[in-house]
Amino acid sequence: MKKQISILFLFCCIFSSVWAEKTDLRPDTIDSQQRLLDYYLNEAVRQRLLQHYDQSVDLLRFCYLINPQNATVLYELSNRYTTTTKLGLQYAQMAVEADPKNILYRKNYADACFNNGQIDLAITQYEILSNTKSPSQDKYAYILLNIYNEKNEYQKCLDVLSQIENRNGPSAQYDLQRISIYEQMGNRKKAIEITKNLTKTYPYGFEYQVLLAELYLNDNNTKKAQQIIYNVLEKDPNNEQAHRSQLLIFLQQKKAVEADSTIYSIFENRNLSVDFKIELFDFYFTKYIENFSIVLVEKSLATLLEQYPENERVNIRCALACANDFSKIDKQIEHWNVALQYNPQNVKVWATVIDLKQLVYLAKPSDTTYASLIETCDEAIEANPEDSFLKYLKGTVLLLTGKKEQAFAIFEQVVQDENLSSEIKAKTLCSMADLLQAKNEIKEALLLYEQAYQLTPKDPFLLNNYAYCLALGKKDLAKAEQMSAIAIKAEPNNYAYLDTYAWIFFLQEEYTLAYMYIEQAIQKYNEQQHLSKDTETFATMNLHREEILKMLKQSRKTNSEK
């Protein structure tokens, strides 16, 4: 900052000396000022190119002192202050006033008006630009078209479109845009009229015939729509757009048999592209899933897989179709592995495979399932060596299987990654803190919990573990109680969180509250016993219950004696 001030001071001294030497407006004085302006303007541009933006702004401000009407200086200043700010808008306007014929400055001003919410001013500028003799005049007209469309001023959209067409001559492209505008206006009659003319002008343009069918369908004229689609498919049986429209017709008519038959014919037609079939699958089997049987979905996928056994996108959909059926987990993993052969950099797929193999290991813990799980983690990391998230996943696997020291070592590597997301970094820090807490290294654990808390202060799992560690260390129990309360509010049926809350009350000698929450914790565990095998936590809860009950009885006895 001091350097910038000194530079400005130097400029002001030079500027003052020039004016001190020559205070009149003789030609030699004007030339001297212009040379000074040109020099510092060029230097300002050079500093900008070097990304020295503060120095560039200082130089431009000095140029402005020399000549506040110089359009180039004003334009550069508007960009340095950015056209999204009011100051940038002000400089952009001044640049246009200084040089009204400069298209670049006017475009800059139009954008500044738009970015600052001055839509009417922006429209005025874009109208001027769209009428200038410039190769970009159509581009400005289309910007106007989009603005009017956003404002639902459809007649003005049509006027701009006519202006463009008058310059360039008739084109089907302009008619298609008109059709879209009339559809938005709700004037389907006019849209159908224009489309009919297109089908007459281009009798072999099947896309226009299909569009006409879709317009009739939207107008509830199913009979005409169906007849057009039949005619198109008779002449062009592999017209994908017509097949899509035919299926839509049957779905809207709720003709399940015809819809199923259309699906079968589409997926079995090898002349139709795989991309079209996948698009169809994604759209119709999600939007109209209630219209189709699981058998049809499975058969369609089986047909796709038979035709394109190594297609990544097909295998992904086959994998997703198995997602809710644990008995098909091996098949699901198989499909994901095929997808990874074609894109080994897909971190999300690797993460999915690791999660699935963890489920397999938990269901059947053995050396074989463990080896397969670790092997997958290593393959994922080898394919994506710079991705710390996969290393984090390997750490969680090692933690799951009791390899605590190895897990901690990997977590230490993960948290060094500056590009790691806040969420994953917080989870990693929390896992490290949990390991330290288990070793009774409370002070070190609390430091890591606090770091994680700064990153994700609303994570209930972190809040619970942090609170429990504070309780173990008997540190700031008021803070621990507050954190534990937030965790329980987020997950009121979590028995582990209720246990923590109970123990914090116990340490604060609130034995009645402690007993109430430990009873709730044990009750919730018993309700969820079929879902949980967390015997370690259950054992801890029982120990806590004994301690709390003992102190509660003693407290009541003491109070009664008083």
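Okay, so let's go over this structure. (Residues numbered from 1 in each chain as written. Predicted model: local features only at pLDDT ≥ 70, side-chain atom pairs only at ≥ 80, totals over all residues. Heavy atoms only, no water.)

**Overview of the overall build of the protein chain**
And step 1. Tallying secondary structure elements over the protein chain gives 30 helices and zero strands in all.
And step 2. Taking 562 residues into account, the globule formula puts the C-alpha radius of gyration at 24 Å, and the protein chain, at 36 Å, lies well above it.
And step 3. Based on the C-alpha atoms only, the size of the protein chain along its principal axes is roughly 100 × 85 × 55 Å.
And step 4. Within the protein chain, buried positions represent 44% of all 562 residues.
And step 5. Total accessible area computed for the protein chain in this model is approximately 31200 Å², and 51% of it derives from carbon and sulfur atoms.
And step 6. Computing the positive centroid from 62 side-chain charges and the negative centroid from 73, the protein chain places the two 4 Å apart. (Helix = DSSP H or I, 4+ residues; strand = E, 2+ residues; numbered from the N terminus. Rg over C-alpha atoms; globule rule 2.2 N^0.38 Å. Buried < 20%, exposed > 50% of the residue type's maximum accessible area, 1.4 Å probe, protein only. Areas by Shrake-Rupley, 256 points an atom, 1.4 Å probe, with all protein chains shown as cover. Lys, Arg positive; Asp, Glu negative; His and termini not counted. Charge placed at Lys NZ, Arg CZ, Asp CG, Glu CD.)

**Concerning helix α13 (residues 222–235)**
And step 1. When the terminal C-alpha atoms of α13 are compared, their 20 Å separation across 14 residues agrees well with the 20 Å that a helix rising 1.5 Å per residue should span.
And step 2. Every buried residue belonging to α13 is among Thr222, Ala225, Gln226, Ile228, Ile229, Val232 and Leu233, and all of these are buried. Burial along α13 is one-sided: seen end-on, the buried residues are contained in an arc of 165°. In α13, the exposed positions angled more than 90 degrees off the buried face are occupied by Lys223, Glu234 and Lys235.
And step 3. Buried residues along α13 sit in contact with α12 (206–218) and α14 (240–252). (Expected span 1.5 Å × (residues − 1). Arc of directions from axis to C-beta. Contact = heavy atoms within 4.5 Å.)

**Section: unusual backbone geometry**
And step 1. In the Ramachandran plot, Lys254 falls in the positive-phi region, its phi being about 55° despite a non-glycine side chain.
And step 2. Checked against the element boundaries, Lys254 lands in the loop between α14 and α15 (256–268).
And step 3. Even without glycine at this site, Asn440 takes up a positive phi of about 65°.
And step 4. Summarising the element assignment, Asn440 is placed in the loop between α24 (422–438) and α25 (442–455).
And step 5. Classification of Asn440 by relative accessible area gives exposed; the value is 60%.

**Concerning the nonpolar core**
And step 1. Trp336, Ile354, Leu390, Tyr449, Ile518, Met541 and Ile548 are the most contacted members of the largest nonpolar core, which has 79 residues in total.
And step 2. When near neighbours in sequence (up to four residues on either side) are disregarded, Ile548 contacts Ala502, Trp503, Phe506, Tyr511, Ala514, Tyr515 and Ile518.
And step 3. Listed in part, the 67 residues of the second largest apolar core include Val73, Tyr154, Ile194 and Leu211. (Core = buried A, V, L, I, M, F, W, Y, C linked by side-chain atoms within 4.5 Å.)

**Focus: the environment of Tyr342**
And step 1. Structurally, Tyr342 is set in helix α19 (residues 329–342).
And step 2. By relative accessible area, which is 42% here, Tyr342 ends up partly exposed.
And step 3. Each C-alpha atom of the pair Tyr342 and Glu310 lies 8.5 Å from the other, and the pair is 32 residues apart in sequence.
And step 4. Discounting residues that sit within four places of it in the chain, Tyr342 has contacts with Glu310 and Glu312.
And step 5. For Tyr342, the side chain forms a polar contact with the side chain of Glu310, separated by 2.8 Å. (Polar contact = N/O pair within 3.5 Å; in protein donor to acceptor, adjacent residues only side chain to side chain.)

**Notes on the packing of aromatic side chains**
And step 1. Inspection of every chain in the model, using the stated rule, returns 17 aromatic pairs.
And step 2. With a centroid separation of 6.0 Å and an interplanar angle of 85°, the aromatic rings of Tyr64 and Tyr91 are classed as edge-to-face. Taken as a pair, Tyr64 in helix α3 (residues 53–66) and Tyr91 in helix α5 (residues 86–98) lie far apart in primary sequence, 27 residues in all.
And step 3. On the basis of relative accessible area, Tyr64 is assigned to the partly exposed category, the value being 26%.
And step 4. Overall, the relative accessible area of 11% leaves Tyr91 in the buried class.
And step 5. Here Tyr449 and Tyr466 contribute two aromatic rings whose centre-to-centre distance is 5.6 Å and whose plane-to-plane angle is 20°, an arrangement assigned as stacked. One end of the pair, Tyr449, is in helix α25; the other, Tyr466, is in helix α26 (residues 460–472), with 17 residues separating them in the sequence. (Phe/Tyr/Trp six-rings, centres within 6.5 Å; stacked < 30°, edge-to-face > 60°.)

**Comments concerning helix α8 (residues 137–150)**
And step 1. Relative to the 20 Å expected for 14 residues at 1.5 Å per residue, α8 spans 20 Å between its end C-alpha atoms, a close match to the ideal helical length.
And step 2. Of the positions making up α8, those classed as buried are Gln137, Tyr140, Ala141, Leu144, Leu145, Ile147 and Tyr148. Viewed end-on, α8 has its buried residues packed into an arc of 165°, placing them on one side of the element. Every exposed residue of α8 that faces more than 90 degrees away from the buried side is listed here: Asn146 and Glu150.
And step 3. Packed against the buried residues of α8 are α6 (103–115), α7 (119–130), α9 (154–168) and α10 (172–185).
And step 4. One or two positions beyond α8, positive phi appears at Asn152, with a value near 60°.

**Concerning the packing of α9 against α10**
And step 1. Viewed as axis vectors pointing N to C, α9 and α10 meet at an angle of 175°, and their least axial separation amounts to 10 Å. The angle between α9 and α10 places the two elements in the roughly antiparallel class. Between α9 and α10, the residues in contact are Tyr154, Cys157, Leu158, Leu161, Ser162, Ile164, Glu165 and Asn168 and Tyr174, Gln177, Arg178, Ile181, Tyr182, Gln184 and Met185, respectively.
And step 2. When its residues are assigned to classes, the contact of α9 with α10 shows nine nonpolar, four polar and two charged. (Axes fitted to C-alpha atoms, helices over the stretch in contact; angles between N-to-C directions. Parallel < 35°, antiparallel > 145°, perpendicular 65-115°, else oblique. Nonpolar A, V, L, I, M, F, W, Y, C, P; charged D, E, K, R; others polar.)

**Considerations on the packing of α3 against helix α4 (residues 71–80)**
And step 1. Relative orientation of the contacting elements α3 and α4 amounts to 145°, with a least axis distance of 10 Å. Between α3 and α4 lies a crossing whose hand is left-handed. Here Ser56, Val57, Leu60, Arg61, Cys63 and Tyr64 of α3 lie close against α4, whose contacting residues are Val73, Leu74, Glu76, Leu77 and Arg80.
And step 2. Looking at the contact of α3 with α4, its residues break down into seven nonpolar, one polar and three charged. (Left-handed = near helix turned anticlockwise from the far one by under 90°.)

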